[in-house]
Amino acid sequence: MLRRGLNRLCGGDEKRVDSRTIYVGHRPCPPTEAFIPPKFCDNRIVSSKYTVWNFLPKNLFEQFRRIANFYFLIIFLVQVIVDTPTSPVTSGLPLFFVITVTAIKQGYEDWLRHKADKEVNKYPAIRLENGQRARTYSENIKVGDVVEVVEDETFPCDLILLQSSRDDGTCFVTTASLDGESNHKTHYTVPDMEKDLESLSATIECEQPQPDLYKFVGRMHIYKHDQETFVRSLGPENLLLKGATLKNTKKIYAVALYTGMETKMALNYQGKSQKRSAVEKSINGFLLVYLSILVSKALVCTSLKYWWQSREGQDEPWYNQKTQKERDTYKFLKMFTDFLSFMVLFNFIIPVSMYVTVEMQKFLGSFFITWDKDFFDPEIEEGALVNTSDLNEELGQVEYVFTDKTGTLTQNNMEFIECCIDGFQYKNRDSCSELDGFCVTDGPISKLQEKAGREKEELFLRALCLCHTVQVKEPGPDERTELDQVDQVDGLDQVDGLHRPLAQAQEERGFIASSPDEVALVKGAMKYGFTFLGLESKTMKIKNRQNDIESYDLLHVLNFDPVRRRMSVIVRSRTGETMLFCKGADSSIFPRVKQEEVDRIRTHVERNATEGYRTLCVAYKRLSPEEFAEAEERLQEARLALQDRDEKLTAVYNQVETDMSLIGATAVEDRLQEEAAETMEALQGAGMKVWVLTGDKMETAKSTCYACRLFQRGTELLELTVRTLEGGRRREERLYELLQDYHKKAVQDAPPAKPGVTRSWATAQQEYGFIIDGATLSLVLNPADANSSRYKSLFLQICQNCCAVLCCRMAPLQKAQIVRMVKNCKGSPITLSIGDGANDVSMILEAHVGIGIKGKEGRQAVRNSDYALPKLKHLKKLLLAHGHLYYVRIAHLVQYFFYKNLCFILPQFLYQFFCGYSQQPLYDAAYLTMYNICFTSMPILAYSLLEQHICIEVLMDNAILYRDIAKNANLRWGPFLYWTVLGVFQGLMFFFGVRFLFSNPALQDNGQVFGNWSYGTTVFTILVFTVTLKLALDTRHWTWINHFVIWGSLCFYVFFSFFWGGIIWPFLRQQRLYFVFANMLSSVSAWLTIILLILLSLLPDILLMVFRKPKTHVRQKPRLTSAGAPKSPRASARPLLMRTFSDESNTVC
């Protein structure tokens, strides 16, 4: 018992038990056994972080993990404990403001999560209790409960389907809330299920909860009286996921399998890593510099204080005698407390409020992306989506773009173009494809007898009608008009000699599938006279060219997966013949068919791929009764396995799909996305390297790269594929030889690139493109030879010197490996991944910035992305305009915060040299507290949200401007040093300019002189006006908001100074500023000094703006069409020369 307890405490049981047993209806199985109900989590969904009881301690703990907050907490405690020159309020109030604002923001977000959780947990549900329907809430459902779900209701938890109101034992669901797919998916009841669920005695043995939406392994044991126990396999087709909705089915009964936080939906919203931008790293570096300056100032003042006090008569002057306690204090302890006091006095050089301003800028700035009307797509009626606002400025620093092909560069809107049957081409009449100006047609296309035999034709078309997972949705009266527009197939009386009767009823039929390829192939078969009528009770029906109905029993579906790259079905005809039909990529089909059949088809496949079409090969195999019996036995055994079920099924699939006969191939066109070529060209003009990572075949992907202008006509392609590695020597030796050859050509012999030169300009430099496939990439990234780690280095250097890189035949994991390799290389370049499908999620999560396209392959990429866009063309504006502006804004915000705080504290430091290092503050406590919170915070926040130093149209038309901010240009040490020197200059000007004013013995009409608080107030007034007007000088894009916050902040400072000094406040023991501000402004000399010092402090900026050579933005010439007209008429209507006056240049639009 002790060992069991220790195991449970240390997690031993959790590691040992990899499956769970569920008792259906909480009934013991068999009934004679003792029943001990297992314990599982309840069905409550908890996405919130806090509760009422732990919000305060947990939130404070999280906030004080941030270094700046913890630093100011220490400073505040020092002020409370040690006798310091400033009040604890000066540090405590800004810290309290920052902590409070952040806590309110996080508390509000968590309240919204609580609200959403309550809505989900209080969702009404029905469960069966003792044969009776009982209404309850979703949160009360337990594992093992049998629940009833009616049409259009959402499943309350993960369920196993037991009964359906449909006669065929199926139900239809939509998973739009899970993966964005709105099509209906078919799910099946468990075979041999009892009609009366009250008498059902069964257990379910299944895997522990895991987040993969499309994987599930389990089996059900059904116990019947005086009969042998039945065992049925359970898979994803039996599992109904929480969040999915029941459709086209009146009601179903199902048993709860996973509940609450163990459902797949809940598991999928956990574990997403937090990404941090490069700007935060720069901020940390600058903080260390200013912290060093702070410590240095405190050390200098402490040392000089004790040096000054060591002089005779200075340690204990007659007017400031020490107490006995001070005389008895240890000198080193006194020195340490003095050091802490100076640290407190100068601590405002560290801008604690900068963090909350940066957070507010990122949060509010993300709305500008969401509100951008240019991102709205009327087709899907959606705009851009921001999932992570922390990376806005990272959009302006992208150096590498990794993009998927299908659905990202292309539309994923498939259209059947042609097919090849037994070596003969079948093509739509009057259609031809052009490649390099030549019309390509293969083989005879006019007469039936010149084509394949009728038997082969019909076999091929039957394969297209049977080998798929397409569903047929019969339209209702209200849907008929809509489906006519969406799913009807153009009626052609004759296609390549194949006569097809026009069937209006079939044109109204709606096809639903998980992949648009399958719908295109089924519609392609309709063009040649074979129509798929649907699947009913495991029977597939098709209508042939003679309008006869053919029925086939669907025995098994060997599902598609990215590794096999093919799918198969096993069907039985009414004559009793068992056949296997298989379709897939040529690389996965050709090795499994006869070689002489491959030679007849290969030419067509390669030509279609060169033209940019997606190709699939179709094969078949007749199974003898013995072969089918053996295959079925092995399939059943593999499907009942709880451990390694996928691997065992794959092994069976591979064994069955051998010795097939190749029938033909299909060509489907996937057209380019709107403005895909212009977008890719703009990204390359901005200095980004574009890599295409796709699972498609090389020829198809290469053609797409040419169409997108990633490869130009003069680009020399360096190919590193399995084909180029063929030879007599070992593949590793040949690989190393090719890498060295390509490295010499693209790296060693290439002239150094000139900065600012885009590829669209005429240059004599040879451009290179690189092509690699998945198999060769495995050799590069995972070499078998221990001494072959140099492969990766050579490969990376070659790719970095190429204008574009194409990686084809890639597995999803390899996509992530490529992104990780580039992300971790020398220089740590900023990477961006963009894709639209589930196979792109790994690279989207791996990159610094992940972007999902709201495409036709579901919304998994969108859910896991940082930003989501409706179309690829929107990426251009997101990076070149929004990214550029966000980066410049936040860089200016960060530099400005450090600058204004240096101006603030430097006079305080200089003042110590004139007050005997006595830690006397220069500014009143109210000014110390309000400086960063009220007087200077709003103008820089408005600037960081609204500034456009170059207008958006110019940024879009001049992609080369993106290079000006590349590699964190505005947050390097050079600009940081400029802002620091400017802060030191202005701080010196403030202090010594006012000191020169105070050399006048009579500053007031009555002949009196100003005191030290008047001195500090004068310095502070010049400081506030100077740093605010400095920001006004930097502003290029004025809005009413900028005017309001800039002039409003100055007016508020004047009003506050009059108000604070004009009233005797009862809670203050010392009224330091009583009428100080009013007396100061009564002096003409003070007015003159304030105005003069403000002008002198801003003079360097004014001179820099006047004498700096203005920049001109020359618009890149638009490419001409064949008619000689520019591609973009809008671009040609704008002036070519744009005048600028500084690095953050003003451009007249």
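Residues numbered from 1 in each chain as written. Predicted model: local features only at pLDDT ≥ 70, side-chain atom pairs only at ≥ 80, totals over all residues. Heavy atoms only, no water.

Colleague: Tell me about a negative patch on the surface, and please be specific about residues and values.
Modeller: A contiguous patch of negative charge, built from Glu626, Glu627, Glu630, Glu633, Glu637 and Asp659, is present on the exposed surface. Position of Glu637 among the secondary structure elements: in helix α18 (residues 625–640). Given a relative accessible area of 58%, Glu637 falls into the exposed group. (Patch = residues over 30% accessible without salt bridge, like charges linked within 9 Å, V, L, I, M, F, W, Y side chains within 5 Å. Areas by Shrake-Rupley, 256 points an atom, 1.4 Å probe, with all protein chains shown as cover. Salt bridge = Lys/Arg side-chain N within 4 Å of Asp/Glu carboxyl O. Lys, Arg positive; Asp, Glu negative; His and termini not counted. Charge placed at Lys NZ, Arg CZ, Asp CG, Glu CD. Helix = DSSP H or I, 4+ residues; strand = E, 2+ residues; numbered from the N terminus. Buried < 20%, exposed > 50% of the residue type's maximum accessible area, 1.4 Å probe, protein only.)

Colleague: Which residues make up the pairing of strand β31 (residues 689–693), and what values do they have?
Modeller: Within β31, 4 of the 5 residues are buried, leaving the element largely enclosed by the surrounding structure. In terms of strand pairing, strand β15 (residues 400–403) meets β31 through 4 bridges, oriented parallel. Pairing of Thr403 across the sheet is with Val692, part of β31. Judged from the 4 bridges that link them, β31 and strand β34 (residues 804–808) form a sheet pairing that is parallel. The partner of Leu693 across the bridge, within β34, is Cys807. (Pairing = 2+ DSSP bridges.)

Colleague: Before we move on, could you go through the packing of helix α22 (residues 731–748) against helix α23 (residues 774–781) and cite the residues and values that matter?
Modeller: In contact at an axis separation of 11 Å, α22 and α23 are set at 90° when each is read in the N-to-C sense. One finds that α22 runs roughly perpendicular with respect to α23. Within the contact between the two elements, α22 uses Arg731, Glu732 and Leu735 and α23 uses Thr776, Leu779 and Val780. Looking at the contact of α22 with α23 residue by residue, the classes come out as 3 nonpolar, 1 polar and 2 charged. (Axes fitted to C-alpha atoms, helices over the stretch in contact; angles between N-to-C directions. Parallel < 35°, antiparallel > 145°, perpendicular 65-115°, else oblique. Contact = heavy atoms within 4.5 Å. Nonpolar A, V, L, I, M, F, W, Y, C, P; charged D, E, K, R; others polar.)

Colleague: Before we move on, could you go through the sheet that holds β34 and cite the residues and values that matter?
Modeller: Spatially, β14-β37-β36-β35-β15-β31-β34-β33-β32 is the arrangement adopted by the 9 strands of the open sheet, whose pairing is mixed. The open sheet is flanked by β14 (385–386) and β32 (716–720), the only strands paired with a single partner. Pairing analysis gives 3 bridges linking strand β36 (residues 849–853) to strand β37 (residues 867–869), with the strands arranged parallel. Counted as the bridge partner of Ile853 is Leu869 from β37. Lying over the sheet, helix α25 (residues 812–823) contacts β15, β31, β34 and β35 (831–835), oriented at roughly 160° with respect to β31.

Colleague: Outline the packing of aromatic side chains, listing residues and values.
Modeller: According to the stated counting rule, one finds 48 aromatic pairs in the structure shown. Consider the rings of Phe1025 and Tyr1053, whose centres lie 6.5 Å apart with planes at 75°: the pair is edge-to-face. You can see Phe1025 sitting in helix α33 (residues 1012–1034) and its partner Tyr1053 sitting in helix α34 (residues 1040–1061), a full 28 residues away along the chain. Residue classification places Tyr1053 among the buried positions, given a relative accessible area of 0%. Pairwise contacts between aromatic rings join Phe904, Tyr923, Tyr927, Tyr931, Phe935, Phe1020, Phe1025, Phe1052, Tyr1053 and Phe1056 into one cluster. For Lys122, the ring lying beneath its charged end belongs to Tyr137, and the centroid distance is 5.1 Å. (Phe/Tyr/Trp six-rings, centres within 6.5 Å; stacked < 30°, edge-to-face > 60°. Lys NZ or Arg CZ within 6 Å of the ring centre and 35° of its normal.)

Colleague: Now, about the side chain of Asn121: what can you tell me, with residues and values included?
Modeller: Within the element layout of this structure, Asn121 appears in helix α5 (residues 88–121). Looking at Asn121, the relative accessible area reads 8%, which means it is buried. Beyond its immediate sequence surroundings of up to four residues, Asn121 is in contact with Asn43, Arg44, Ile45, Tyr137, Ser138 and Glu139.

Colleague: Give a description of the side chain of Ser661 that names residues and reports values.
Modeller: Here Ser661 shows up in strand β30 (residues 661–672). In contact with Ser661, other than residues within four places in its own chain, are Val593, Lys594, Glu597, Val618, Ala619 and Tyr620.

Colleague: Help me get a handle on the sheet that holds strand β11 (residues 239–240), residues and values and all.
Modeller: Note on sheets: strands pair through backbone hydrogen bonds, and any given pair is parallel or antiparallel. If you walk across this open sheet you meet the 6 strands as β3-β2-β4-β13-β5-β11, and the pairing is antiparallel. Edge positions in the sheet fall to β3 (132–137) and β11, since each has one partner strand and no second. Pairing analysis gives 6 bridges linking strand β2 (residues 124–129) to β3, with the strands arranged antiparallel. Bridging from a neighbouring strand, Ala125 pairs with Thr136 of β3.

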